[in-house]
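Structure assessment
Spelled out from the first residue to the last, the chains are:
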Amino acid sequence: MIRSILDNDLYKFTMQMAVLELFPDVVAEYRFTNRGIQRFNKGFVRELKRTIDEDMPAVKLTDDEHQWLRAACPFFKPMYLEYLRNYSFDPSEVTIDLTEDNNLDLRIKGPWHSSILWEIVLMALISELYFDTVESEWKNRHIDTDASTGGSLIDEYTSFIQDMGGELESNNCIFSEFGTRRRRSFELHDSVIGTLSGVKTFSGTSNVFLAKRYGLRAIGTIGHEWIMGNSALVGLRNANLFSLENWVDIYKGDLGIALSDTFGSGAFFNSFNLKLSKLYDGVRHDSGDPFIFADKVIEHYLKAGIDPMQKIVVFSDSLHSRDAIRIKEYCGGRINCSFGIGTSFTNNHHFFSSSPPLNMVIKLHAVNNIPVVKLSDDEGKATGDRDAIRVANHIFGIKGLDE
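Worth saying up front: this structure is predicted, and the values here are computed from it rather than measured.

Topic: the sheet that holds strand β11 (residues 370–371)
Taken in spatial order, the 5 strands line up as β2-β3-β1-β10-β11 in an open sheet, and their pairing is antiparallel. Two strands lie at the open edges of the sheet, namely β2 (94–98) and β11, each paired on one side alone. Where strand β10 (residues 360–367) meets β11, 2 bridges bridge the pair, whose relative direction is antiparallel. Note on β11: the bridge partner recorded for Ala366 is Pro371. Lying on the sheet, helix α10 (residues 224–234) is in contact with β1 (27–34), β10 and β11; it crosses β10 at an angle near 20°.

Pasting the structure below:
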């Protein structure tokens with residue numbers, strides 16, 4: 001199910017290099033959260049454990065992949081690529097149990113620079129294994145009933161994705177694919193990238209392996225965990241500021257899209273000072289109302305004396321093609337925008353209406369045993385220790401301690 005060490009999102013590797021350089025001795029803990037209604041069984045857990053224990057340690061960076069990374073991702077330092085060449089997944093960092101209500105109690109704990117690569121890989125494994133063993137009826141779906149055409153589910157899904165890509169292209173929406181973590185299967189994901197690679201406004205994929213396979217740009221900068229981890233190591237109130245500064249120290253202007261909602265966009269803009277606003281190419285929106293956020297970003301740049309048309313907003317919050325088109329129209333002539341579309345490409349809930357994708361996350365839970373939290377602009381997306389969330393809401397002026 002995982003074809004390569006590069007069958008992962010680029011931002012896991014970029015953050016891994018930053019962690020290795022700045023925080024080499026830090027221990028991180030991650031936890032799985034199932035936000036949906038789907039449940040698992042003993043057979044699923046048994047196979048997931050077998051895959052982690054037997055298959056994942058054999059996943060290594062090949063010489064060909066090493067050479068490709070050097071050429072395609074010049075922001076990776078030679079010392080980091082040598083580290084990655086010698087990296088192997090450590091199954092002892094992962095513990096999995098089935099709860100009484102058939103949910104997963106999954107935790108990852110180990111050196112941050114090592115354990116950081118598990119998140120996306122485990123989510124992809126969980127999703128594909130679930131739809132292969134627990135809920136597999138979807139495989140029998142054939143919309144094209146004319147056997148003479150040789151129609152298959154992959155063919156039908158390819159046609160569906162072609163329509164989405166064509167709609168985005170005709171509306172001049174620049175977009176990339178972010179769907180590794182909740183893909184239905186690697187095969188389906190591969191077919192999606194093959195289909196989208198012919199769309200003129202398709203800018204690339206977060207999946208490094210598929211970027212290499214199809215000659216595309218690998219897309220990504222940071223995830224929430226970078227800011228969350230910094231919050232425990234340098235202080236919660238100034239976590240946005242320090243994490244943005246630290247990123248510049250590592251990448252010197254490369255990978256310049258700032259993630260805005262870890263503790264709410266209000267806290268972010270308070271830290272996104274003139275220097276950082278000029279240094280970073282733009283910001284990424286990942287929760288809350290995208291139209292309100294667009295207005296906030298434009299206002300922020302104008303107050304700083306910066307032309308918003310010299311910057312970009314990357315929208316990436318549970319988008320469908322129609323959402324991207326509406327947002328593009330709203331931003332037109334005011335600020336540049338592009339779109340990171342994930343599950344709608346790799347496990348579309350409209351296409352698989354009777355078999356929806358898993359609604360799950362794996363989030364950083366603690367750094368050096370210090371609890372960390374994510375608040376976001378959508379209260380339903382808050383994650384972390386309950387008391388730590390209360391304190392964070394209080395520090396950032398979102399809620400009182402007793403609310």
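So, next bit.
Considering the domain arrangement of the chain
Assigned domains within the chain: domain 1 (10–138 + 359–371) and domain 2 (153–346). The C-alpha centroid of domain 2 is placed 22 Å from the C-alpha centroid of domain 1. Together domain 1 and domain 2 conceal approximately 3,300 Å² of surface at their shared face, both sides included; 68% is due to carbon and sulfur atoms. Broken down residue by residue, the surface that domain 1 buries against domain 2 is led by Leu10, Trp68 and Trp138, which jointly contribute 20%. At the junction of domain 1 with domain 2, the criterion picks out 3 salt bridges. With its nearest N and O atoms 2.3 Å apart, the salt bridge here joins Lys12 to Glu225.

A look at the pattern of salt bridges
One pass over the full model with this rule turns up 23 salt bridges. The residue Arg85 makes a salt bridge to Glu82 at a minimum N-O spacing of 3.5 Å. In this pair, Arg85 and Glu82 are both assigned in helix α4 (residues 78–85), 3 residues apart and thus about one turn of the helix distant. For Arg284, the salt bridge is made with Asp286, and the minimal N-O distance between the two is 3.5 Å.

Some thoughts on the sheet that holds strand β7 (residues 282–285)
Taken in spatial order, the 6 strands of this open sheet run β5-β4-β9-β8-β7-β6, and their pairing is parallel. On the outer flanks of this sheet lie β5 (202–205) and β6 (257–259), each paired with one strand and no other. Averaged over all pairs of adjacent strands, the angle between their axes in this sheet comes to 25°, without regard to strand direction. In terms of strand pairing, strand β4 (residues 175–177) meets strand β9 (residues 336–341) through 3 bridges, oriented parallel.

With respect to the packing of aromatic side chains
Inspection of every chain in the model, using the stated rule, returns 32 aromatic pairs. Aromatic side chains Phe186 and Phe209 sit 6.0 Å apart centroid to centroid with 50° between the ring planes, which places their arrangement in the tilted category. In this pair, Phe186 is assigned in helix α8 (residues 186–196) and Phe209 in helix α9 (residues 208–214), connecting sequence segments 23 residues apart. Neither Phe186 nor Phe209 differs from the other in exposure class; each is buried. The ring centre of Tyr330 lies 5.0 Å from the NZ or CZ of Arg334, which sits over that ring.

Regarding the pairing of β2
Pairing of β2 with strand β3 (residues 104–111) involves 5 bridges; the strand directions are antiparallel. When the sheet's bridge partners are listed, Ile96 is paired in β3 with Leu106. Once β2 ends, the chain turns through 5 residues before running back antiparallel as β3, passing Asn102 with a positive phi of about 60°.

A closer look at the nonpolar core
Counting residues in each nonpolar core, the largest one holds 128 residues, and the members touching the most others are Leu69, Phe76, Trp112, Ile126, Trp226, Phe315 and Phe339. Here the element with the most residues in this core is helix α6 (residues 118–134); it accounts for 11 residues. Shared between two domains, this core takes at least three residues from each, and those domains are domain 1 (10–138 + 359–371) and domain 2 (153–346).

Brief notes about the side chain of Glu93
Position of Glu93 among the secondary structure elements: in the loop between α4 and β2. With no salt bridge to any partner, buried Glu93 finds its closest opposite charge in Lys12, at an N-O distance of 11 Å. When neighbours within four sequence positions are excluded, Glu93 is seen to be in contact with Arg107, Ile108, Lys109, Gly110, Pro111, Ser114, Ser115 and Trp118.

Here's the deal with the UniProt feature "domain: Nicotinate/nicotinamide phosphoribosyltransferase" (unreviewed entry) in the chain
Under the UniProt annotation, the feature "domain: Nicotinate/nicotinamide phosphoribosyltransferase" (unreviewed entry) is placed at residues 175–396. Annotated as residues 175–396, this span is 42% helix and 15% strand, and its ends, taken at the C-alpha atoms, are 32 Å apart.

Reading the values: rules and limits
Residues numbered from 1 in each chain as written. Predicted model: local features only at pLDDT ≥ 70, side-chain atom pairs only at ≥ 80, totals over all residues. Heavy atoms only, no water. Pairing = 2+ DSSP bridges. Helix = DSSP H or I, 4+ residues; strand = E, 2+ residues; numbered from the N terminus. Contact = heavy atoms within 4.5 Å. Axes fitted to C-alpha atoms, helices over the stretch in contact; angles between N-to-C directions. Domains from an automatic or database assignment. Buried area = accessible area lost by both parts, 1.4 Å probe. Salt bridge = Lys/Arg side-chain N within 4 Å of Asp/Glu carboxyl O. Phe/Tyr/Trp six-rings, centres within 6.5 Å; stacked < 30°, edge-to-face > 60°. Buried < 20%, exposed > 50% of the residue type's maximum accessible area, 1.4 Å probe, protein only. Lys NZ or Arg CZ within 6 Å of the ring centre and 35° of its normal. Core = buried A, V, L, I, M, F, W, Y, C linked by side-chain atoms within 4.5 Å. Lys, Arg positive; Asp, Glu negative; His and termini not counted. UniProt positions renumbered as here; feature names shortened; annotations may be inferred.

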